[in-house]
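Remarks on the overall topology
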Number of protein chains: 2
Amino acid sequence: MAVRTVDDKTEPLLSFDELRAQLRAVGEERYHHKHPFHLLMHEGKLSRGQLQAWALNRYYYQSIIPIKDSIILSRGTDPAFRRAWRKRVIDHDGDAASEGGIKRWLKLAEATGLQAEQVQAGTGILPATRFAVNEYLNIVRSRSLLEAVASSLTELFSRDLISLRMEKLRQHYPWLSGGLDYFQARLTQAPEDAKFATEYVYQHAQSRKEQELAIQALRDKCDILWAQLDALYFAYVEPAWPPPGAFRIQAINEEKQ
Amino acid sequence: MAVRTVDDKTEPLLSFDELRAQLRAVGEERYHHKHPFHLLMHEGKLSRGQLQAWALNRYYYQSIIPIKDSIILSRGTDPAFRRAWRKRVIDHDGDAASEGGIKRWLKLAEATGLQAEQVQAGTGILPATRFAVNEYLNIVRSRSLLEAVASSLTELFSRDLISLRMEKLRQHYPWLSGGLDYFQARLTQAPEDAKFATEYVYQHAQSRKEQELAIQALRDKCDILWAQLDALYFAYVEPAWPPPGAFRIQAINEEKQ
C-alpha cells in the first residue's frame, strides 16, 4: 500500500499500520466478544429459551444489514466502489447460487425451536434491539461515506469470535449444530470485507481528523453491538425483566438444555 | 367536539372518548410510571450517584425534545398548527421571559452534584440512551405527521407521575429540592400539550387504520421511555454494568444520601 503523506496542518496522518492498530484497540476495548451474555453462551450456561431470545433479536440486526449496505451503495459515486461493496448485499440476501445470510440466520433461529414466520414478523423483539440497530442506519445515512464504511469494521474482529462461538455452540448445545451455516459463511466473508474497508478508510481519510472520525464510527458501531447484548441480558438473564410486549421465554424451554 | 362519521369501509372510527380510552390503556400498560427504576426512586432507594446517572442520561432526552418538535413544525403545512405547536419549542428552549426546560433540567443535574458543562457535553451518556432517544427523531421524521403528533401523547400520563415524583424527591432527597423547577413547569405545560395533541389526532385520523397507527405511535413512544430506564437500571442498579466508556459512579457518591 502506498505511503500516505501528511496533508493536515495540525496532526500527522496515521500510517496504515498505526491506523489498523488503533482500530484494533477499539475492538479490544469495546467489541462484544467480552460481553457477559457471550461469556455465558460460551460456557454453555444459556437455556434454550435464552438462545431463542438471542436468535430472535439478532435476526432484526441481520435483516437490516443489506439495507444498511444498500444505503452505502446509494452514497457511493464511484462505480468501482459500488461493484466491490455490492458483494455484501449479495452475501446477505443471496442469489441463484447461495441462500444468503438472512436465510441462514433463520435456520439458526429454527434450530433453537422458533418458527421462521414468527422470527420474520419480528413480534416480541426488544424495543432496545430496534433502537440500537436503527442507529446503525442513522449512522450510514447521516455521516460521511468514509464513516459509513468505517462503521463496518467490527468485521476486523468477528472471525475470532465466530470461530470460538462455533466450537462452543457445538460443544454445549449440540441440538444447534444444524443451524451454524451462517457462521461458517461469515468465516471467509468477514475478513474479505474487513480488508477492503480498512484499505478504503486508509486511502480516503484525507486528514488526521477524518481518520479520528473513522475510528469514532467504529467505536459507535461497537456500542451498537454491545447495547443489544445488554438489553438481552437485562430482559432474559438478570434481572430478567422483559419490557411490556416483548418475547417471553416459554416454561417448556426454561430448563437448561 | 364534533361527532366524527365513519369513513372507513371496514371498521368504524373510534369516538373521541373511545380513542382517548385506548390511548390511556396504552399508558396503563407501557408508560414508565411502573418501571422498577422509578419505583426505587420514589421509595428513596437510589444513591446520589444513581440519580446523577439518571439526570445525565435524561438530559440527552430533554435536549432533543425541541429538535423533535422543530421537525414536527417543519412538517406542518398549516400555519395555525405551527403557531400552536411552536409553544413546545419555546417551553424547552426558553425566551426573554423564561429560561426553558433544558436549562431547568441542567439545574436539576447540578443539584445532583454534576457540572453543567459535563452534562451538556454528553460525555458518558449510555449508548442505549442515545439509541432510544434518536428513535424518537426517526419516528417524527419518517412516519406521518399524525403519528408524529400522536407520539407526544405520553404527556397524557406525565402530570400524575411528575406530581408523585416531586413529592417523593422532596421527601427522600431533600438536597434535590432546589432543582425541581423543571417538573413544576411541566405540571401545567404537559396537560395543555396533551389536550391539543389528543384533539388533533381525533380530528385528523381519517380512518380506523389511521387511528390505530396513532395508537401504535404512542406505544412506540412508551417503549422509548421504558428502554431508557432499563438501560439505567442495568448499568447502575443491577447487575450494575455500565458499558465501555459510560459514566461511572464515583466512590464519594456511592453512599445512599
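Here, the structure is the one placed above.
Keep in mind it's a predicted model, so treat the numbers as computed, not measured.

Turning to the overall build of chain A, a few remarks are in order. Within chain A one finds 11 helices and 0 strands. Listed N to C, the secondary structure of chain A is α-α-α-α-α-α-α-α-α-α-α in terms of helices and strands. For a compact globule of 257 residues, the expected C-alpha radius of gyration is about 18 Å, and chain A comes in at 19 Å, within 12% of that figure. Considered along the principal axes of its C-alpha atoms, chain A spans approximately 65 × 40 × 35 Å. Residues counted as buried form 58% of the 257 residues belonging to chain A. Restricting to contacts in chain A with at least 6 residues of sequence separation, those with at least 24 account for 79%. As displayed, chain A has an accessible area near 10,900 Å², and 50% of this comes from carbon and sulfur atoms.

This part takes up the relation of the copies chain A and chain B. Mapping between the two copies of the chain is achieved by a rotation about an axis and a shift along the axis. Mapping chain A onto chain B leaves a residual RMSD of 0.0 Å; the transformation is a rotation of 180 degrees accompanied by 0.0 Å of translation along its axis. Taken together, the rotation and translation relating the two chain copies correspond to the operation of a two-fold axis. Closest approach to the rotation axis within chain A is made by the C-alpha atom of Phe131(A), at a distance of 2.5 Å. Both copies share a contact surface, since 100% of the interface residues of chain A are interface residues in chain B too.

This part takes up the interface of chain A and chain B. Between chain A and chain B, the contact holds 22 residues from the first and 22 residues from the second. Summing both partners gives a buried area of about 2,100 Å² for chain A against chain B, and 69% of it is carried by carbon and sulfur. For the pair chain A and chain B, the number of links is 3 residue pairs in polar contact (both at pLDDT 80 or more). Per-class residue counts for the side of chain A that touches chain B are 13 nonpolar, 3 polar and 6 charged.

This paragraph deals with the packing of aromatic side chains. All names here are of chain A. All told, the structure shown has 37 aromatic pairs over all chains when counted by the stated rule. Relative to Trp-105, the ring of Trp-54 has its centre 5.4 Å away and its plane inclined at 70 degrees; by these criteria the two rings are edge-to-face. Here Trp-105 lies in helix H5 (residues 101–111) and Trp-54 lies in helix H3 (residues 48–75), a separation of 51 residues in the sequence. Taking relative accessible area as the criterion, Trp-54 reaches 2% and is therefore assigned buried. A relative accessible area of 0% means that Trp-105 is categorised as buried. Measuring from ring centre to ring centre gives 6.1 Å for Tyr-173 and Trp-175, while their planes differ by 80 degrees; the resulting arrangement is edge-to-face.

Let us look at the nonpolar core. Side chains that are nonpolar tend, in soluble globular proteins, to be buried together. Ranked by internal contacts, the top residues of the largest apolar core, which has 171 residues, are Trp54(A), Val149(A), Phe183(A), Trp54(B), Val149(B), Phe183(B) and Tyr236(B). Residues contacting Trp54(A), with those up to four places away along its chain left out, are Phe37(A), His38(A), Met41(A), Trp105(A), Leu108(A), Arg165(A), Phe183(A), Leu229(A) and Leu232(A).

Here we take up the environment of Ile65(A). Residue and element names in this part refer to chain A. Mapped onto the fold, Ile-65 is located in helix H3. Between the alpha carbons of Ile-65 and Ile-102 there is a distance of 9.0 Å; along the sequence they are 37 residues apart. Sequence-distant contacts of Ile-65, that is, excluding residues within four places in its chain, are made with His-92 and Tyr-136.

Within the structure shown, the criterion is met by 36 salt bridges over all chains. One salt bridge in this structure joins Glu99(B) and Arg104(B), with 3.7 Å as the shortest N-O distance. For Arg104(B), a relative accessible area of 12% puts it in the buried group. Of the charged contacts, one joins Glu155(B) and Arg186(B) as a salt bridge, the two residues approaching to 3.0 Å between their closest N and O atoms. One end of the pair, Glu155(B), is in helix H9 (residues 155–172); the other, Arg186(B), is in helix H10 (residues 181–204), with 31 residues separating them in the sequence. Each of the two residues, Glu155(B) as well as Arg186(B), counts as buried. Through salt bridges with shared partners, one network takes in Lys87(A), Asp91(A), Glu192(A) and Asp193(A).

All names here are of chain B. Tracing the chain through its elements places Met-41 in helix H2 (residues 36–42). Sequence separation between Met-41 and Leu-51 is 10 residues, and the spatial gap between their C-alpha atoms is 8.2 Å. Discounting residues that sit within four places of it in the chain, Met-41 has contacts with Leu-46, Leu-51, Trp-54, Arg-165, Leu-169, His-172 and Tyr-173.

Let us look at the packing of H9(B) against H10(B). All names here are of chain B. Contact geometry of H9 with H10 gives a least axis separation of 8 Å together with a crossing angle of 170 degrees. Here H9 lies roughly antiparallel to H10, going by the angle between them. Touching Glu-155, Leu-156, Ser-158, Arg-159, Ile-162, Ser-163, Arg-165, Met-166, Leu-169 and Arg-170 of H9 are Phe-183, Gln-184, Arg-186, Leu-187, Ala-190, Pro-191, Asp-193, Ala-194 and Thr-198, all from H10. In terms of residue class, the contact of H9 with H10 is made up of 9 nonpolar, 4 polar and 6 charged.

Residues and elements named next belong to chain A. Here the bond from Glu-238 into Pro-239 is cis, since omega is 0 degrees, no more than 30 degrees from zero. Note on placement: Pro-239 falls in the segment after helix H11 (208–236). Unusually for a residue other than glycine, Ala-240 sits at a positive phi of about 65 degrees. Structurally, Ala-240 can be placed in the segment after H11. Assessed through its relative accessible area of 34%, Ala-240 is described here as partly exposed.

All right, on to helix H5 (residues 101–111) of chain B then. Residue and element names in this part refer to chain B. Counting buried positions along H5 yields 8 of 11 residues, so the element is predominantly enclosed. Where H5 is concerned, the buried positions are Gly-101, Ile-102, Arg-104, Trp-105, Leu-106, Leu-108, Ala-109 and Ala-111. In this structure, the buried residues of H5 make contact with helix H3 (48–75), helix H4 (79–93), helix H6 (116–121) and H10. In the stretch just after H5, Gly-113 is the one whose phi turns positive, near 110 degrees.

Cut-offs used in this document
One numbering rule holds for all chains: residues counted from 1, following each sequence as written. Each chain takes a letter, starting from A, and each ligand takes a number, starting from 1, following the order in which they are written. Confidence filtering applies because this is a predicted model: local features only for residues at pLDDT of at least 70, side-chain atom pairs given and counted only at 80 or more, and all residues used for totals across whole chains, interfaces and linings. For side-chain calculations, the full set of non-hydrogen atoms in the structure is used, while hydrogens and water are omitted. Secondary structure elements are defined from DSSP: runs of H or I of at least 4 residues count as helices, runs of E of at least 2 residues count as strands, and each element is numbered from the N terminus. Put simply, the radius of gyration uses C-alpha atoms, and a globule should come to 2.2 Å times the residue count raised to 0.38. Only protein chains enter the accessibility calculation, which uses a 1.4 Å probe; a residue is then buried when its area is under 20% of its type maximum, exposed when over 50%, and partly exposed in between. Pairs of residues are marked as contacts when any of their non-hydrogen atoms sit within 4.5 Å. Under the convention used here, a 1.4 Å probe and the Shrake-Rupley method define accessible areas, while residue burial counts only the protein chains that appear. Fitting of the copies onto one another was done by least squares over C-alpha atoms, counting residues only where both copies have pLDDT of at least 70. Accessible surface is computed with a 1.4 Å probe, and the buried area is the amount of it that two parts give up when combined, taken over both parts together. Whenever two N or O atoms come within 3.5 Å, that pair is a polar contact, provided that in protein one can donate a hydrogen and the other can accept it, and provided that, for residues adjacent in sequence, both atoms are side-chain atoms. Throughout this entry, Asp, Glu, Lys and Arg are counted as charged residues, while Ala, Val, Leu, Ile, Met, Phe, Trp, Tyr, Cys and Pro are counted as nonpolar. The remaining residues, Gly among them, count as polar. We call Phe, Tyr and Trp rings a pair once their centres come within 6.5 Å, taking the six-membered ring for Trp, and we label the pair stacked below 30 degrees between planes, edge-to-face above 60, and tilted otherwise. The definition of a nonpolar core used throughout is a set of buried Ala, Val, Leu, Ile, Met, Phe, Trp, Tyr and Cys residues joined through side-chain atoms within 4.5 Å. Take a side-chain nitrogen of Lys or Arg and a carboxyl oxygen of Asp or Glu: if they are within 4 Å of each other, that pair is a salt bridge. Only the stretch in contact is used when fitting a helix axis, every axis being a line fitted to C-alpha atoms; angles between N-to-C directions are given from 0 to 180 degrees. In this scheme, roughly parallel covers angles under 35 degrees and roughly antiparallel covers those over 145, while 65 to 115 is roughly perpendicular and the rest are oblique.

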